[in-house]
Amino acid sequence: MTETPSLTAPAPAADRRPSAARRALRATAILACLPYISLKVAWVAGSELGIPAGSVLLERRELMAAVNAVSVVADVLVVVLALLLTQAWGRRFPAWLLALPMWAATGLLAPIMTGYPGQLAVALLSGDEKAAAPAEPFLDEWVFGVVYGGFILQGLALGTLFTLYARDRWGHLWQGRLDDLSARTSGPGARALAVAGAVVALVPATLHLLWATGSTTGLSARLIAERDSDDYVLEAQRFGFLAVAVAFTLFLVLRRPTRLRVRTTLALTWTASGAAGCWGAYLSLVALLPDPDPAKQVPGLVQLSYAGDMITGFLLAACVALFLRRRSAGA
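What counts, and where the lines are drawn
- Counting starts from 1 at the beginning of each chain's written sequence and moves along it residue by residue.
- Residues qualify for local features only when their pLDDT is at least 70, as the model is predicted, and side-chain atom pairs are given and counted only at 80 or more; totals for whole chains, interfaces and linings, by contrast, use all residues.
- Side-chain descriptors were evaluated using all non-hydrogen atoms of the structure, hydrogens and water having been removed beforehand.
- Numbering of helices and strands runs from the N terminus, with a helix taken as a DSSP run of H or I at least four residues long and a strand as a DSSP run of E at least two residues long.
- What the globule rule says is 2.2 Å times the number of residues to the power 0.38, and the radius of gyration is computed from C-alpha atoms.
- Contact between two residues is taken to exist if any of their heavy atoms lie within 4.5 Å; hydrogens are not considered.
- Here the Shrake-Rupley method, with its probe set to 1.4 Å, supplies the accessible areas, and only the displayed protein chains count as covering residues.
- You can read pLDDT as the predictor saying how much it trusts each residue, on a scale of 0 to 100.
- Here a cavity denotes a set of grid points, spaced 1 Å apart and computed over the protein atoms alone, in which a 1.4 Å probe fits but from which it cannot get out, and a pocket denotes an open set meeting protein on both sides within 12 Å along at least five of seven lines; residues with an atom within 4 Å of a point are reported as lining.
- Grid points are joined across faces, edges and corners, and a volume is the space filled by probe spheres set on the points.
- Charged residues are taken to be Asp, Glu, Lys and Arg, nonpolar residues to be Ala, Val, Leu, Ile, Met, Phe, Trp, Tyr, Cys and Pro, and polar residues to be all remaining types, Gly included.
- Pairing of aromatic rings covers Phe, Tyr and Trp, the last counted by its six-membered ring, and requires centre-to-centre distances within 6.5 Å; plane angles under 30 degrees mean stacked, over 60 mean edge-to-face, and any other angle means tilted.
- Three exposure classes are used, based on accessible area relative to the maximum for each residue type with a 1.4 Å probe and protein chains only: buried under 20%, partly exposed in between, and exposed over 50%.
- By salt bridge we mean one thing: a side-chain nitrogen of Lys or Arg within 4 Å of a carboxyl oxygen of Asp or Glu.
- Take the buried Ala, Val, Leu, Ile, Met, Phe, Trp, Tyr and Cys residues and link them wherever side-chain atoms come within 4.5 Å; each set so joined is a nonpolar core.

Side note on the overall build of the chain
The secondary structure content of the chain amounts to nine helices and zero strands. For 331 residues, the compact-globule estimate of 2.2 N^0.38 gives 20 Å, and the chain sits close to it at 21 Å. Its C-alpha atoms put the chain at 70 × 45 × 40 Å along the principal axes. Summarising the internal contacts of the chain: among those between residues at least 6 apart in sequence, 86% fall at separations of at least 24. Carbon and sulfur atoms provide 68% of the accessible area of the chain, an area that totals close to 16500 Å².

Points about the environment of leucine 268
Mapped onto the elements of the fold, leucine 268 is located in helix H8 (residues 262–288). Residues leucine 268 and phenylalanine 241, 27 residues apart in the sequence, show an inter-C-alpha distance of 9.2 Å.

Notes on the confidence of the model for the chain
For the chain, the mean per-residue pLDDT works out to 89, and 92% of the residues sit at or above 70. For the chain, per-element mean pLDDT is lowest for helix H2 (residues 61–84), which scores 89, and highest for helix H5 (residues 188–212), which scores 97. A low-confidence stretch, residues 1–15 (pLDDT under 50), is modelled with 25 contacts involving residues beyond four sequence positions or located in other chains.

Considerations on the layout of surface pockets
Approximately 1200 Å³ is the volume attributed to the second largest pocket. In terms of lining, the second largest pocket is formed by 40 residues, of which the most central are Ala99, Phe162, Trp174, Trp270 and Leu324. Counting residues per element, the ones that place at least two in the lining of the second largest pocket are helix H3 (95–126), helix H4 (141–170), H8 and helix H9 (300–330). For the lining of the second largest pocket, the residue count by class is 25 nonpolar, twelve polar and three charged.

Overview of the packing of aromatic side chains
Here the structure, examined in full by the defined rule, presents ten aromatic pairs. Ring geometry for tyrosine 165 against tryptophan 170: centres 5.7 Å apart, planes inclined by 70°, an arrangement best described as edge-to-face. Tryptophan 170 shares its class with tyrosine 165; the two are buried. An aromatic cluster of three or more residues is present, and its members are Tyr36, Tyr116, Phe144, Tyr148 and Phe151.

Overview of the pattern of salt bridges
Pairing between side chains of opposite charge can happen when their charged atoms approach one another. Taken as a whole and assessed by the stated rule, the structure comprises eight salt bridges. In this structure, arginine 167 and aspartate 168 form a salt bridge, with 3.4 Å as the shortest nitrogen-oxygen distance. Between glutamate 226 and arginine 222 there is a salt bridge, with its nearest N and O atoms 3.5 Å apart. Taken together, the positions of glutamate 226 and arginine 222, both in helix H6 (residues 221–226) and four residues apart, correspond to about one turn of that helix. A single salt-bridge network, built from bridges that share partners, covers Arg22, Arg91, Arg167 and Asp168.

Some details on the nonpolar core
Counting residues in hydrophobic clusters, the biggest one holds 35 residues, and the most contacted among them are Leu85, Leu98, Met102, Leu158, Phe162, Trp170 and Leu266. Among the elements of the structure, helix H1 (20–44), H2, H3, H4, H8 and H9 are those that each provide at least two residues to this core. Top element by residues in this core is H4. It accounts for seven residues. Excluding its chain neighbours within four sequence positions, the residues that come into contact with phenylalanine 162 are Leu85, Leu98, Met102, Trp170 and Trp270.

As structure tokens, then:
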């Protein structure tokens, strides 16, 4: 009897040359990184391209140079992933070592891919011209279009490459519907992680929903004065990712509703848990950076929402990892 390949086994066609479509997607992902990397390298070198006079980014140049250098490394990782997903040696790469950066990349790019177009659409439909009290200068408007446009292309290309790669290597793990799963794949450990994530999510989800609907609970006077349609879109999006992550993780471990496809459930859980966990972690780190101006410090409830997002995302991602490990062993 032929043995089904495990989660860590190389695919049989490991030496096959990537198709023209995959090579085109790889080139798109790599080229889409160039605007962001170029800007960051210029800023590290001392350029003020795209940074208006009086911007807060010019106040702490040493700190910004360090942050920008880390950002360059993170985007270079996208290039590495694009190569890994289309090269023969990538098929033999350890599963966990690939899954972790891909989960992070998915989580960081998905909110930009949905949030930025959403902000543009709301601004267009509402005629919002940033009527809130003007914030301190930050970046020229063209920078956001160039950088976020590049991120969206990265997400589309890299996401498609990963979907094709995962289908070839691990497609047997998400065939069928939820009622086809064995009880072992969602044992007490996976259920405990899912329930813990759902409980933790109650706090940040409540805060995001309040702020998305106009409440100013826990916000500083500066944040209240600077609020505009972009902030409402972001809060609604954060609530949405949390809700999807919790709901579909629970669907996965409870194996209900029975007719739901395993691949759909896993895809939504993977993406939404990454969005909550990775952006929560990033914003938590940013909030912890020292600032001598008390008015610019992140309020406690806002920090709590970031931490709640991060913990929820990590718990639900651990649940998915445990599910895939047990599913692989069962196969």
